Amino acid sequence: MQRVLIAIALAAAGVFAYLQWFAEPAAPDYSIATIEQRPIPKAEFFALWRETALSFCPQAQKTFGLSPAACEDYVRDKHARCVAETGARAPALLSGKAESRRYARPYLDCVLPGYFCKGVEVRDFLEAARHCRG
């Protein structure tokens, strides 16, 4: 019985030591709403906006002419490129609502699909007139 208690105590000490010194810390929960009180690292900032973009996908059939799954694939496929394009000049830590809008709007314009007509993405009226007729 004494050996079992010693083994449990040693195991508990080992788990404690691992969690204290070697385990990855839990990722902090960032929020765009609290960006001024708690600035957000650039990678986390764009990850939050990717989740916002993905939240449009359940209505993708009406909004974009795509299935929700195709919308999710589209957003995930474009995320890295859109971050590289729109976030190239972003600071390492974003800390204000105006700054957030400055980088979020072009990111969303890039990562969200345009409307799809007959399998072709259209982004303006002329493209729509060309591809969506009949």
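Residues numbered from 1 in each chain as written. Predicted model: local features only at pLDDT ≥ 70, side-chain atom pairs only at ≥ 80, totals over all residues. Heavy atoms only, no water.

A. The overall build of the chain, seen in detail. Regarding its fold elements, the chain presents 6 helices and 4 strands. Listed N to C, the secondary structure of the chain is α-β-α-α-α-β-α-β-β-α in terms of helices and strands. For the chain, the residues scored as buried account for 28% of the 134 residues in total. Nonlocal contacts in the chain, meaning residues at least 24 apart in sequence, comprise 56% of its contacts between residues at least 6 apart. Carbon together with sulfur atoms contributes 59% to the accessible area of the chain, which is approximately 9,200 Å² in total. (Helix = DSSP H or I, 4+ residues; strand = E, 2+ residues; numbered from the N terminus. Buried < 20%, exposed > 50% of the residue type's maximum accessible area, 1.4 Å probe, protein only. Contact = heavy atoms within 4.5 Å. Areas by Shrake-Rupley, 256 points an atom, 1.4 Å probe, with all protein chains shown as cover.)

B. Quick peek at the state of the cysteines. Scanning the model with the defined rule gives 3 disulfides in all. There is a disulfide in this structure between Cys-57 and Cys-71, and the S-S distance comes to 2.1 Å. When the S-S torsion is -65°, as for the bridge of Cys-57 with Cys-71, the disulfide is left-handed. One end of the pair, Cys-57, is in the loop between helix H2 (42-54) and helix H3 (60-64); the other, Cys-71, is in helix H4 (residues 68-86), and 14 residues separate them in sequence. Considered together, Cys-57 and Cys-71 belong to a single accessibility category, that of buried residues. The side chain of Cys-82 participates in a disulfide bridge whose partner is Cys-110; the two sulfur atoms lie 2.0 Å from each other. Note on the Cys-82 and Cys-110 pair: the S-S dihedral is about -75°, so by sign convention the disulfide is left-handed. You can see Cys-82 sitting in helix H4 and its partner Cys-110 sitting in helix H5 (residues 97-111), a full 28 residues away along the chain. (Disulfide = S-S within 2.5 Å.)

C. Representation of the environment of Pro-41 within the structure. As for its position among the elements, Pro-41 is in strand E1 (residues 40-41). With 50 residues separating them in the primary sequence, Pro-41 and Pro-91 have C-alpha atoms 8.4 Å apart. The contacts of Pro-41, once residues within four sequence positions are left out, are Tyr-30, Ala-92 and Leu-93.

D. Fine view of H5. Between the first and last C-alpha of H5 there are 20 Å, a value that for 15 residues agrees with the 21 Å anticipated at 1.5 Å per step. All of the buried residues along H5 are Glu-99, Ser-100, Tyr-103, Ala-104, Tyr-107, Leu-108, Cys-110 and Val-111. Where H5 is buried, its residues contact H2, H4 and strand E2 (93-94). (Expected span 1.5 Å × (residues − 1).)

E. Region of the structure containing the environment of Lys-62. Locating Lys-62 in the fold gives a position in helix H3. Classification of Lys-62 as exposed rests on a relative accessible area of 72%. Each C-alpha atom, one on Lys-62 and one on Tyr-115, is 9.2 Å from the other, the two residues being 53 residues apart in sequence.

F. The arrangement of H4 in detail. Maximal helix bending in H4 amounts to about 45°, located at His-79. Considered for burial, the residues of H4 that qualify are Cys-71, Tyr-74, Val-75, Lys-78, His-79, Cys-82 and Thr-86. Next to the buried residues of H4 lie H2, H3, H5, strand E3 (115-117) and strand E4 (120-122). (Bend = angle between axes of the 7 residues up to and from the residue.)

That is the geometry; function is a separate question.
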